Amino acid sequence: IQMGDAQDLKIGHVGSYSVILDQGEGNLSIGGDGFVDIMNTALDEYKARFTTNGSVELYFDNVNKFETTGYGATVFGTLQSQQLNVTGVSTFNGQVHLPDNTKIMLGNSNDLQILHQNGTGNSIQGDQPLYLQSPSQIILKQYNGSEVYAKFIKNGAVELYHDNSKKFETTGYGATVFGTLQSQQLNVTGVSTYTGNADFNGHV
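Please read all numbers here as calculations on a predicted model, not as lab measurements.

Conventions adopted
- Residues numbered from 1 in each chain as written.
- Predicted model: local features only at pLDDT ≥ 70, side-chain atom pairs only at ≥ 80, totals over all residues.
- Heavy atoms only, no water.
- Pairing = 2+ DSSP bridges.
- Helix = DSSP H or I, 4+ residues; strand = E, 2+ residues; numbered from the N terminus.
- Axes fitted to C-alpha atoms, helices over the stretch in contact; angles between N-to-C directions.
- Buried < 20%, exposed > 50% of the residue type's maximum accessible area, 1.4 Å probe, protein only.

(A) Spatial organisation of the sheet that holds strand β4 (residues 35–39). Here five strands make up an open sheet; going across it, the order is β4-β5-β6-β7-β8 and the pairing antiparallel. Where the open sheet ends on each side, the last strands, each with one partner, are β4 and β8 (72–75). Neighbour to neighbour, the strand axes of the sheet diverge by 15 degrees on average, direction disregarded.

(B) Examining the pairing of strand β10 (residues 112–117) more closely. Direction of pairing for strand β9 (residues 103–106) relative to β10: antiparallel, over a ladder of four bridges. Looking at the pairing, lysine 103 lines up with leucine 115 of β10. Following β9, the chain reverses through five residues before pairing antiparallel with β10; glycine 107 in that reversal takes a positive phi of roughly 100 degrees. Note that β10 and strand β11 (residues 121–126) share six bridges and pair antiparallel. When the bridges of β11 are listed, histidine 116 appears paired with asparagine 122. Between β10 and β11, which pair antiparallel and follow one another directly, the connecting turn spans three residues, one of which, glycine 119, has a positive phi of 85 degrees.

(C) The pairing of strand β5 (residues 46–51), seen in detail. Judged from the five bridges that link them, β4 and β5 form a sheet pairing that is antiparallel. Directly across from methionine 39, in β5, lies its bridge partner tyrosine 46. If you look at the hairpin formed by β4 and β5, you'll find six residues sitting between the two strands, and leucine 43 has a positive phi there, around 60 degrees. Across three bridges, the pairing between β5 and strand β6 (residues 56–60) is antiparallel. Bridging from a neighbouring strand, alanine 48 pairs with leucine 58 of β6. Between β5 and β6, which follow one another and run antiparallel, lie four residues, and asparagine 53 among them has a positive phi close to 55 degrees.

(D) Examining unusual backbone geometry more closely. For asparagine 53, which is not a glycine, the phi torsion comes out positive at approximately 55 degrees. Tracing the backbone shows asparagine 53 in the loop between β5 and β6. Residues other than glycine seldom take positive phi values, yet aspartate 163 does so here, at roughly 55 degrees. Tracing the backbone shows aspartate 163 in the loop between β14 (158–162) and β15 (165–170). On the basis of relative accessibility, which here comes to 60%, the residue aspartate 163 falls in the exposed class.

Printed below as a string of structure tokens:
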């Protein structure tokens with residue numbers, strides 16, 4: 001079927017497929033007052049649905065996988081992309097998973113990089129000062145949280161631990177060592193007070 005003075009619109013069947021071909025200068029428009037649906041021949045499976053004053057929906061095996069919304073679009077399932085460029089804020093309501101030996105890179109020149117290297121370790125790399133900030137405490141712990149390495153307390157002490165036992169603590173007057181302090185050289189300016197014995201190279 002050929003329509004138009006210059007046969008601009010053609011509808012045909014060529015044996016193995018059917019075709020609607022617009023060769024004119026204008027647009028090819030498909031309109032409807034309600035839904036405009038693209039379906040299978042039995043009309044029981046959606047391929048796409050276009051809603052008046054509403055969403056565009058794309059389907060896979062009659063299951064909605066992509067839908068436009070008033071604020072953008074929603075993907076139902078997993079979105080796979082070779083590259084994703086986002087301008088604005090991204091909100092994740094679940095986990096973000098990256099495979100082994102990949103980086104999170106921040107900054108126009110990738111100034112800050114967070115890297116997991118399979119079997120060798122994890123690293124945070126940057127060419128500027130790195131700040132860890134908290135309104136109360138910063139605590140460094142073992143992965144499962146069972147052992148404390150260090151504590152940094154607001155308006156208070158810095159504590160260092162060995163095998164989950166506190167060994168060093170800063171105080172308002174200096175620092176306290178819990179246990180034995182070993183040093184190759186100790187320079188003291190001021191008064192030193194000992195509440196027990198002082199061992200100077202085997203001499204008490």
